[in-house]
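Observations on the three-dimensional arrangement
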Amino acid sequence: MIEFAQTIDKFALVCAGCGERYEASVAHCPKCPGALLRADYAATAFEPLARDDLFRFLPWLPFHDPVETAIGPVVYRSERLAFHLGMSNLAVGFNGYAPELGARNATGSFKDYEALPTLLSFRERGLTTAVLASVGNSARAFAHAAVSIGFPITIVVPESALGRLWLPMPPTEDVRLIVLRRSNDYASAIRVAGAFSGRSGLPNEGGARNIARRDGMGTVMLEHARALGELPDHYVQAVSSGTGGIATWEASMRLIRSGGFSDRLPRLHLVQNAPFTPLHDAWTLNAPIRPEENLGEQIRRIDAIAAGVLANRNPPFTIPGGVADALRATHGHTYAVSNDEIEDAQRLFMACEGVPIGPESGAALAALRQALARRTIAANESVLLNVTGNNEALIQRDFELHPIGPWRTIEPDQTSGEALDRWIDNALTS
Ligand SMILES: *Cc1c(COP(=O)(O)O)cnc(C)c1O
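Keep in mind that this is a model prediction, so the values were computed, not measured. For every chain, the first residue of its written sequence is number 1, and the numbers climb from 1 along that sequence. Where totals are concerned, whole chains, interfaces and linings use all residues; where local detail is concerned, this predicted model gives features only for residues with pLDDT of at least 70, and gives and counts side-chain atom pairs only at 80 or more. Side-chain numbers come from the whole structure's heavy atoms, not from hydrogens or water.

This brings us to the nonpolar core. Within this scheme, the nonpolar core is defined by two criteria: the residues are buried Ala, Val, Leu, Ile, Met, Phe, Trp, Tyr or Cys, and they are joined through side-chain atoms within 4.5 Å. Throughout, exposure labels follow a simple rule: accessible area from a 1.4 Å probe, protein chains only, divided by the maximum for the residue type, with under 20% read as buried, over 50% as exposed, and the rest as partly exposed. Judged by nonpolar contacts, the single largest core of 79 residues is most densely connected at Phe46, Leu119, Ile153, Ile155, Val157 and Leu255. With 8 residues, the single largest contributor to this core is helix α4 (residues 137–149). Each of domain 1 (74–109 + 212–394) and domain 2 (128–202 + 401–429) gives at least three residues to this core. Setting aside residues up to four positions removed in sequence, Ile155 forms contacts with Leu132, Ser134, Ala139, Ala143, Val175, Arg176, Leu177 and Ile178. Among the nonpolar cores identified, the runner-up in size contains 41 residues, and Tyr76, Val236, Leu368 and Ile377 belong to it. Strands here mean DSSP runs of E at least two residues long; helices mean DSSP runs of H or I at least four residues long; both are numbered from the N terminus. Residue ranges assigned to the domains are those given by an automatic or database domain assignment. Contact between two residues is taken to exist if any of their heavy atoms lie within 4.5 Å; hydrogens are not considered.

Before going further, it helps to spend a moment on the domain arrangement of the protein chain. Domain assignment breaks the protein chain into domain 1 (74–109 + 212–394) and domain 2 (128–202 + 401–429). Counting from both sides, the interface comprises 15 residues of domain 1 and, opposite them, 18 residues of domain 2. Note on terms: buried area is the combined drop in 1.4 Å-probe accessible area of two parts once they are placed together, counting the loss on both. Both sides of the domain 1 and domain 2 interface together cover about 1,400 Å² of buried area, and 53% of this is carbon and sulfur. It is Thr107, Arg213 and Val309 in domain 1 that bury the most area against domain 2; as a group they hold 36% of the surface buried on that side. Any carboxyl oxygen of Asp or Glu that lies within 4 Å of a side-chain nitrogen of Lys or Arg is treated as forming a salt bridge with it. The closest approach of N and O atoms between Arg313 and Asp185, which form a salt bridge, is 2.4 Å. Here a polar contact is taken to be a pair of N or O atoms separated by no more than 3.5 Å, where protein atoms must pair a possible hydrogen donor with a possible acceptor and residues adjacent in sequence count only if both atoms sit in side chains. Summed over the shared surface of domain 1 and domain 2, the number is 4 residue pairs in polar contact (both at pLDDT 80 or more). When the residues that make up the side of domain 1 that touches domain 2 are grouped by side-chain class, the tally is 5 nonpolar, 6 polar and 4 charged. In this classification, the charged set is Asp, Glu, Lys and Arg, the nonpolar set is Ala, Val, Leu, Ile, Met, Phe, Trp, Tyr, Cys and Pro, and all remaining amino acids, among them Gly, are polar.

The way it works is a 1 Å grid over only the protein atoms, where trapped points that fit a 1.4 Å probe form a cavity and open points with protein on both sides within 12 Å along at least five of seven lines form a pocket, and then any residue with an atom within 4 Å of a point lines it. Grid points are joined across faces, edges and corners, and a volume is the space filled by probe spheres set on the points. Scanning all chains against the criterion turns up 3 cavities of 30 Å³ or more. Space inside the largest cavity adds up to approximately 60 Å³. Around the largest cavity sit Ala39, Asp40, Tyr41, Ala43, Thr44, Trp60, Arg254 and Arg257, which together line it. When residues of the lining of the largest cavity are traced back to their parent elements, those giving at least two are β3 (37–41) and α8 (243–258). In terms of residue count, the dominant contributor to the lining of the largest cavity is β3 (3 residues). Among the residues forming the lining of the largest cavity, the class breakdown is 4 nonpolar, 1 polar and 3 charged. Around the second largest cavity, the lining residues are Ala45, Phe46, Glu47, Pro48, Arg56, Phe57, Pro59, Trp60 and Leu222. Across the lining of the second largest cavity, the residue classes break down as 7 nonpolar, no polar and 2 charged.

In this section: the pattern of salt bridges. A pair can form between side chains of opposite charge whenever their charged atoms are brought close. Applying the stated criterion across every chain, the model contains 27 salt bridges. Of the charged contacts in the structure, one is a salt bridge between Glu293 and Arg290, with a shortest N-O distance of 3.8 Å. Given the relative accessible area of 45%, Arg290 is considered partly exposed. Among the charged side chains, a network of salt bridges with common partners joins Glu159, Arg181, Arg182 and Glu411.

Omega for the bond connecting Ala274 with Pro275 falls within 30 degrees of zero, at 10°, which places this linkage in the cis form. Along the polypeptide, Pro275 turns up in the loop between β13 (267–273) and α9 (278–285). Within the chain, Arg182 stands out as a residue other than glycine whose phi angle is a positive 50°. Among the residues examined, Arg182 registers a relative accessible area of 65% and is labelled exposed. Of note, Asn294 is a non-glycine position whose phi angle comes to about 50°, a positive value. With respect to the helices and strands, the residue Asn294 is situated in the loop between α9 and α10 (295–304).

Further remarks concern the sheet that holds strand β9 (residues 153–158). Strands are labelled as partners when DSSP assigns at least two bridges between them. Strand order in this open sheet of 4 strands is β8-β9-β11-β17, and the pairing throughout is parallel. The sheet is open, and its two borders are formed by β8 (130–133) and β17 (408–410), each paired with just one other strand. Neighbour to neighbour, the strand axes of the sheet diverge by 20° on average, direction disregarded. Judged from the 6 bridges that link them, β9 and strand β11 (residues 175–180) form a sheet pairing that is parallel. The residue of β11 that forms the bridge with Val157 is Val179. Packing of helix α5 (residues 186–200) onto the sheet brings it into contact with β8, β9, β11 and β17, and relative to β8 it is tilted by some 160°. Lines are fitted to the C-alpha atoms to define the axes, a helix being fitted only along its stretch in contact, and any angle between axes, read from their N-to-C directions, falls within 0 to 180 degrees.

What follows deals with the sheet that holds strand β1 (residues 11–15). If you walk across this open sheet you meet the 3 strands as β2-β1-β3, and the pairing is antiparallel. Each having just a single partner strand, β2 (21–22) and β3 make up the two edges of the open sheet. Both β1 and β2 contribute to a ladder of 2 bridges, which runs antiparallel. Within the sheet, the bridge partner assigned to Val14 lies in β2 and is Arg21.

In the vicinity of the ligand lie 17 residues, with Lys111, Ser240, Gly242, Gly244 and Thr388 positioned nearest. Contact distances for the ligand include 2.7 Å between a nitrogen atom and a side-chain N or O atom of Thr388. Among the elements of the structure, β12 (234–238) and α8 are those that each provide at least two residues to the shell around the ligand. Residues that form the shell around the ligand fall into these classes: 6 nonpolar, 9 polar and 2 charged. Definition of nearness: a residue and a molecule or strand are near each other if at least one heavy atom of the residue lies within 4 Å of the molecule or strand.

In this section: the layout of surface pockets. Left-over empty space is what a probe sized like a water molecule reveals as it rolls over the atoms. By volume, the second largest pocket is sized at about 360 Å³. Residue lining of the second largest pocket: 16 residues in total, with Pro278, Asp281, Pro288, Arg290 and Gln298 positioned closest to the centre. Among the residues forming the lining of the second largest pocket, the class breakdown is 7 nonpolar, 3 polar and 6 charged.

Here you go:
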């Protein structure tokens, strides 16, 4: 296929474990099967295109042909919030929907940067569908991308996510939603999506391993570099899998290698919502991440968090190129914030910047306040605060929201083992 040959020209893959280079077609490093692979783009200079959307960073995205879109990161220097926090150099990455700030992410979060690039890269590789798991925001973003470009996908979600599943346009048959009944659990959705893709042979989207996803998320740091002409000292983001942190580290390395910036990596400050803080515990207490241990207790904690998206029980922490490596390489920090701190932070952002933000973004701002209090960030250092989303806050002002209904539902006793296999065979044939 001509397209695929072009893709091979555009980038190679490099193993984050051993540094070995591979063609763009390999799935993993045979020597380090757990390690992430990274794209190494033929274009090393940082030369954004003359567009005002996500695809201005096309030279560092793993496909050739973009589409028309309004989706893309917005980075601006904050005045009022910075003043309130006593900071002299605070940039806000606004990655939701707020046309008053120039932000037009169709489904209201930075998941929109993962979805379109993923489906466009799949299409260029000759794939015709994808399977993924989500707790809400990715489902919305991938559903929007699927409907926009007419690329059919299957999405597995826990029932607790249904309230977050809408589109600003009517859904089409390109979106098939599998709903895990009476579940709030992302890790179960990931497991069922894996089984569905394994048994059906339909390609799994890949989560943190998907370079289109990571390089799409990395565009927030690229936009900071483009708009403000420099790298920030610090980067603050709420994390679930931590993929955004990994992606930001990778984008920063690319920018530094391009030669136009200082060679100091922005320091990652990653935050989770107490009482569910597996990444924070792993980093600060050396507590191993055990996704299957004390399951009832983990689910209870997930139920208790306000930032419901931050619910991944099995984040890519220790794998080569994963979250621990990103924190080590950038001398990063992690934080745990309470629901009350999040709510305060959401109110503060609204009061200062005049637009509502989601609880995950509130968690990031709450962590920034902790960091200033603890002096892991100094008031005169430069910071990029990632407002990862504001969900439907303003989208429903400008659009009619259409709920995405289930294609199939799975009962709790069908989500593993042979019962799951039988369920999948049934779903595929009926
Ligand atoms: C997915 C998501 C996050 C966490 O992203 P990571 O994959 O862990 O980097 C944070 N905020 C919002 C709004 C999200 O949708």
